[in-house]
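The primary structure of each chain is shown beneath.
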Amino acid sequence: MPANEWKANLRLDEPTFTSLCSLLRPLLEPSARCPNYRKLSCDKEVALTLYYLADTGSMRLTSNAFGVSRSTVTTVITQVCSAIANGLGPAYIKLPDSDDRMRVKVAEFEAKFGIVQAFGCIDGTHIPIIKPADDCQDYFC
């Protein structure tokens, strides 16, 4: 696939995709004793997930593009996202572990983005963010 197609379809270049797959492979591939010999390759599962997350998030378009059923798309996306969040997340996402470090992060975030009383943010496109009943205005940016 040409370099521009990697970015357009998966939002990653090929070396980054390959690196991500190598990190996820131990978390996604079944054990040698697994009877599911038809399981998708790790590369296809990661590509399918990135394709889904990169655009409109259509199960039908993703299933057609990868030649699998919609139920397979749902299962694969759940497994890959779980592997990323639970397997890789703790190694790459670090929350401040003291009040002083939190204050430093809040000051850095305000200096860089102009948002006060925050030390980070997430995109709610694929992660549902449920506002609390009390003080819900504090959770809107």
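Structure: see above.
This section reports on the structure supplied with the text.

What counts and how
- Residues numbered from 1 in each chain as written.
- Predicted model: local features only at pLDDT ≥ 70, side-chain atom pairs only at ≥ 80, totals over all residues.
- Heavy atoms only, no water.
- Helix = DSSP H or I, 4+ residues; strand = E, 2+ residues; numbered from the N terminus.
- Buried < 20%, exposed > 50% of the residue type's maximum accessible area, 1.4 Å probe, protein only.
- Contact = heavy atoms within 4.5 Å.
- Expected span 1.5 Å × (residues − 1).
- Bend = angle between axes of the 7 residues up to and from the residue.

1. So, the overall build of the protein
Reasoning step 1: When its secondary structure is counted, the protein shows six helices and zero strands.
Reasoning step 2: The linear arrangement of helices and strands in the protein, starting from the amino end, is α-α-α-α-α-α.
Reasoning step 3: With 141 residues in all, the protein has 22% of them scored as buried.
Reasoning step 4: For the protein, contacts bridging at least 24 residues in sequence account for 45% of all contacts bridging at least 6.

2. Some thoughts on helix H5 (residues 70-92)
Reasoning step 1: Helix length check: H5, at 23 residues, gives a terminal C-alpha distance of 31 Å against a target of 33 Å (1.5 Å per residue), a fit within 8%.
Reasoning step 2: The sharpest bend along H5 measures roughly 30 degrees and falls at asparagine 86, with the proline proline 90 sitting one to four residues further on.
Reasoning step 3: Among all positions of H5, only Val73, Val76, Ile77, Val80, Ala83, Leu88 and Gly89 are buried.
Reasoning step 4: Those residues of H5 that are buried are in contact with helix H2 (14-28), helix H3 (42-54) and helix H4 (59-66).

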